[in-house]
Amino acid sequence: MLYFSLASKAYARNLHYRGAHMLHNVASALFGYLYACIWIGIGHDRPLGEYGVHGMIGYIAFTQASLWVTGFITNGLGIPEAVRTGQISLDLMRPVHLFVLCMCREWGQIAYQFIYKSLPIYLLYMVLFRLSLPTHWTTLLYTFVALAASAYMSICMNYIIGATSLWTTESNWLFWVNHALMNLLAGFFIPVEWLPSWLQTVSWMSPYPYLLYVPTRIYLGYEQAGSLLGSLAWCIFFTLLCLLVTIVVRRKVEVQGG
Amino acid sequence: MTIKYWLDLYAVLIRSSIRSRMQYKFNFILGTVLAATIQIAEFLMISIVLNKFGAVKGWSLYEVGYLFAVMTLAKTLYRTFASDVHHLERYLTTGELDQLLTRPVPILLALMSQNIRLMPGELLQGGAILYWSMHGMISSGQITWLALPYTLFVIVTGGVILFSIGLATATVGFWITRINELQTLTEDAAQTAVRYPLVLYPAWLRSLLLIVIPVGFVGYVPSLFILRGEYGSWLVYGIALLAVICLVISLRFWKFGLTRYQSTGS
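Residues numbered from 1 in each chain as written. Chains lettered and ligands numbered in written order. Predicted model: local features only at pLDDT ≥ 70, side-chain atom pairs only at ≥ 80, totals over all residues. Heavy atoms only, no water.

(A) A look at the overall build of chain A. Within chain A, the secondary structure is distributed over 11 helices and zero strands. If you list the helices and strands of chain A from N to C, you get α-α-α-α-α-α-α-α-α-α-α. Taken over the C-alpha trace, chain A has a radius of gyration of 19 Å; the compact-globule value for 258 residues is 18 Å, and the two agree within 12%. Overall, the C-alpha framework of chain A stretches about 60 × 45 × 35 Å when taken along its three principal axes. Per-residue burial over chain A gives 56% buried out of 258 residues. In chain A, the share of contacts with a sequence separation of at least 24, taken over all contacts with a separation of at least 6, comes to 79%. (Helix = DSSP H or I, 4+ residues; strand = E, 2+ residues; numbered from the N terminus. Rg over C-alpha atoms; globule rule 2.2 N^0.38 Å. Buried < 20%, exposed > 50% of the residue type's maximum accessible area, 1.4 Å probe, protein only. Contact = heavy atoms within 4.5 Å.)

Right, here's the structure in full:
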């Protein structure tokens, strides 16, 4: 119940800013539109593999909308800010595990962003680019599971990024590096199979393809539910890593003088 | 008080801002390395695509690299020398602007010299891509060495245009306070868009990026002359004039906006 309250509070807090967020949605949708224009330009006089031009537009539309679930989550889950203000010491004293506390708050944030950002942006693209929904309901179900797993992985990655703020004041750079790597390795703009082979190897050795590429491929009907096993394995790995990081954080914590 | 007085004062403020930042050397190095990584990852994204598929609507990889580099360098110029203009929202929401108002320096000068961030990562990465793309085009005979002074000139005019857009966007904050979302539109999205040739976009978007937010004049329009010999050298001087006009308008808007400033109630 406590966990649900944490999540719903984060959700409710965001509801106050719906107006400003809608303006942000326009900017976000414009980004996806720019990338779609680039693919339209490239596909003007050549085929675009198994996707085709319309398929690539659908691909970009889905990854851009999904970014609000897997990419644009709170920088370091708010831990850098807590370290700066000293709030981290209170958070560590609470009778809730730090990872669980941060994670629950973030789930509320992600739920909000899914409803008020991902869905409106994707609906706009559906109208604009005449995209259609998958025909099988199971495809939608598997996509939802894949996105939930990628949101969880993203939460874990940001927890670890947040934890580094105990060592450096520049941890926000790691957030942006993570974001840049996601753009490159997660198949945000370029499907992973079109990367040079060495970069494909790097990509598949990392969790990044499971953040965007795999959910998108499932949604577009190119992958089956089997690829969710990879997501599951990474989720387990990250859970263990976050628990380990928390142990280190507890020993390291020092509060910066105000 | 002369312009020289203000410039000297600006230099002193910048030096002290840099000195305070340099107290954290490890953070500076880490920030630099990570910023360069981000830039390279961003450029890899488009270069991989162009490498695989070849030119896009008649623009080669070198030409797109050139647009990318000019934009990176112009933005670096703007953000280095006017760092906290982009972060005005923080000053407005926390009331920190009141502190700046009490100082015996113009508010804009104070804002420009706060939290200066040297950006060697962006400078190196932008410089490297510019060198690589221009070297490629000079080798193939597409351009000559003459393109270099023109390029350096348009990087400066580009920096001025970006500053003007940034300042005008920040000024809107005096009315609406929260400007991050607006900045995403007028700065982030617009700058991302013009790292690619404008021919990719439909007419309405092209007009938007040239007339409403004149960010297209940073790299794309001058490159039509510098890389392709279209129009004539007057284009570059015309852009310089445009940059000055943008600067004057945005400075006037800023002054007007400042008279509408209301401090936070908290």
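(B) Structural context of the UniProt feature "transmembrane region" (unreviewed entry) in chain A. Residues and elements named next belong to chain A. Sequence positions flagged by UniProt for "transmembrane region" (unreviewed entry) are, in local numbering, residues 21–42, 54–74, 114–133, 139–161, 173–192 and 228–249. Overall, residues 54–74 shows 81% helix and 0% strand. The separation of its end C-alpha atoms is 33 Å. Span residues 139–161 is 100% helix and 0% strand, its end C-alpha atoms 32 Å apart. (UniProt positions renumbered as here; feature names shortened; annotations may be inferred.)

(C) Focus on helix H12 (residues 234–259) of chain B. All names here are of chain B. Taking 1.5 Å of rise per residue, the 26 residues of H12 would be expected to cover 38 Å, and the 38 Å separating its terminal C-alpha atoms lies within 8% of that figure. Every buried residue belonging to H12 is among Leu235, Val236, Ile239, Ala240, Ala243, Cys246, Ser250, Trp254 and Gly257, and all of these are buried. Those residues of H12 hidden inside the fold are in contact with helix H4 (88–94), helix H6 (107–112), helix H8 (147–176) and helix H11 (220–226). (Expected span 1.5 Å × (residues − 1).)

(D) Structural detail: the packing of helix H8 (residues 171–185) of chain A against helix H2 (residues 25–53) of chain B. At their nearest, the axes of H8(A) and H2(B) sit 9 Å apart, and the two run at 15° to each other. Judged by the inter-axis angle, H8(A) sits roughly parallel to H2(B). Considering how the two elements wind past one another, H8(A) and H2(B) form a crossing that is left-handed. Along the contact surface, H8(A) presents A:Trp173, A:Leu174, A:Trp176, A:Val177, A:Ala180, A:Asn183 and A:Leu184, while H2(B) presents B:Gly31, B:Leu34, B:Ala35, B:Ile38, B:Ala41, B:Leu44, B:Met45 and B:Ile48. (Axes fitted to C-alpha atoms, helices over the stretch in contact; angles between N-to-C directions. Parallel < 35°, antiparallel > 145°, perpendicular 65-115°, else oblique. Left-handed = near helix turned anticlockwise from the far one by under 90°.)

(E) Seen up close, the interface of chain A and chain B. On the chain B side, the residues contacting the 36 residues of chain A number 35 residues. Taking both partners together, chain A and chain B bury about 3,300 Å²; carbon and sulfur atoms supply 81% of that area. Considering only the surface of chain A that becomes buried against chain B, A:Leu34, A:Ile38 and A:Trp173 emerge as the three largest contributors, covering 17% of it. Taken together, chain A and chain B are joined by zero salt bridges. In this structure, the connection of chain A to chain B is made through two residue pairs in polar contact (both at pLDDT 80 or more). Top contributing element to the side of chain A that touches chain B by residue count: helix H2 (residues 18–42) of chain A, with 16 residues. (Buried area = accessible area lost by both parts, 1.4 Å probe. Salt bridge = Lys/Arg side-chain N within 4 Å of Asp/Glu carboxyl O. Polar contact = N/O pair within 3.5 Å; in protein donor to acceptor, adjacent residues only side chain to side chain.)

(F) Structural detail: the environment of B:Val212. For B:Val212, the position within the fold is in helix H10 (residues 203–212). For B:Val212 and B:Tyr78, which are 134 residues apart along the polypeptide, the C-alpha to C-alpha distance reads 19 Å.

(G) Broad picture of the UniProt feature "transmembrane region" (unreviewed entry) in chain B. Residues and elements named next belong to chain B. The feature "transmembrane region" (unreviewed entry), as annotated in UniProt, sits at residues 28–53, 154–177, 198–222 and 234–254 in this numbering. Secondary structure over residues 28–53 splits into 100% helix and 0% strand, and the C-alpha atoms at its two ends are 38 Å apart. Counting secondary structure, residues 234–254 comes out at 100% helix and 0% strand; the distance between its end C-alpha atoms is 30 Å.

(H) How the structure looks around the pattern of salt bridges. Counted under the stated rule, the structure contains 10 salt bridges over all chains. As a salt-bridge pair, B:Glu42 and B:Arg195 come within 3.1 Å of each other at their nearest N and O atoms. Here B:Glu42, found in helix H2, pairs with B:Arg195, found in the loop between helix H9 (180–193) and H10; they are 153 residues apart in sequence, far enough to count as distant. Using a relative accessible area of 23% as the deciding quantity, one classes B:Glu42 as partly exposed. Judged by its relative accessible area of 12%, B:Arg195 is buried. Among the charged side chains, a network of salt bridges with common partners joins A:Glu50, A:Glu193, A:Arg217 and A:Glu223.

(I) H8(B), seen in detail. A rise of 1.5 Å per residue sets the reference length of H8(B), with its 30 residues, at 44 Å; its end C-alpha atoms lie 43 Å apart and thus fit the reference within 8%. After H8(B) finishes, the residue B:Thr177 shows a positive phi value of roughly 65°.

(J) Just the packing of aromatic side chains, in detail. Residues and elements named next belong to chain A. With the rule as written, the count across this model stands at 37 aromatic pairs over all chains. When the centroid spacing of 5.1 Å and the interplanar angle of 55° are considered together, the rings of Tyr35 and Phe189 count as tilted. On the criterion of sequence distance, the pair formed by Tyr35 in helix H2 and Phe189 in the loop between H8 and helix H9 (197–205) is long-range, its members being 154 residues apart. Each member of the pair Tyr35 and Phe189 is classed as buried. Aromatic side chains Trp234 and Phe238 sit 5.8 Å apart centroid to centroid with 35° between the ring planes, which places their arrangement in the tilted category. Taken as a pair, Trp234 and Phe238 lie in helix H11 (residues 228–252) at a separation of four residues, close to a single helical turn. The burial state of Trp234 is the same as that of Phe238; both residues are buried. (Phe/Tyr/Trp six-rings, centres within 6.5 Å; stacked < 30°, edge-to-face > 60°.)

(K) Spotlight on the environment of B:Lys52. Residues and elements named next belong to chain B. Within the secondary structure, Lys52 sits in helix H2. Accessibility expressed as a relative area gives 45% for Lys52, which makes it partly exposed. Considered as a pair, Lys52 and Ala41 are 11 residues apart in the sequence and their alpha carbons are 17 Å apart.

(L) Seen up close, the packing of helix H7 (residues 137–163) of chain A against H11(A). Residue and element names in this part refer to chain A. H11 packs onto H7 with a crossing angle of 25° between their chain directions and a minimal axis gap of 9 Å. Classed by the angle they form, the pair H7 and H11 counts as roughly parallel. Of the two possible hands of crossing, H7 and H11 adopt the one that is left-handed. Only Leu228, Ser231, Trp234, Cys235, Phe238, Thr239, Leu241, Cys242, Val245, Thr246 and Val249 of H11 make contact with H7, whose side of the interface consists of Tyr142, Val145, Ala146, Ala149, Tyr152, Met153, Cys156, Met157, Tyr159, Ile160 and Ala163. Residues of the contact of H7 with H11, tallied by class, amount to 19 nonpolar, three polar and no charged. (Nonpolar A, V, L, I, M, F, W, Y, C, P; charged D, E, K, R; others polar.)

(M) Quick look at the environment of B:Pro104. Residues and elements named next belong to chain B. With respect to the helices, strands and loops of the structure, Pro104 is situated in the loop between helix H5 (96–101) and H6. Pro104 sits in the exposed class, given a relative accessible area of 78%. With 67 residues separating them along the chain, Pro104 and Thr37 place their C-alpha atoms 40 Å apart.

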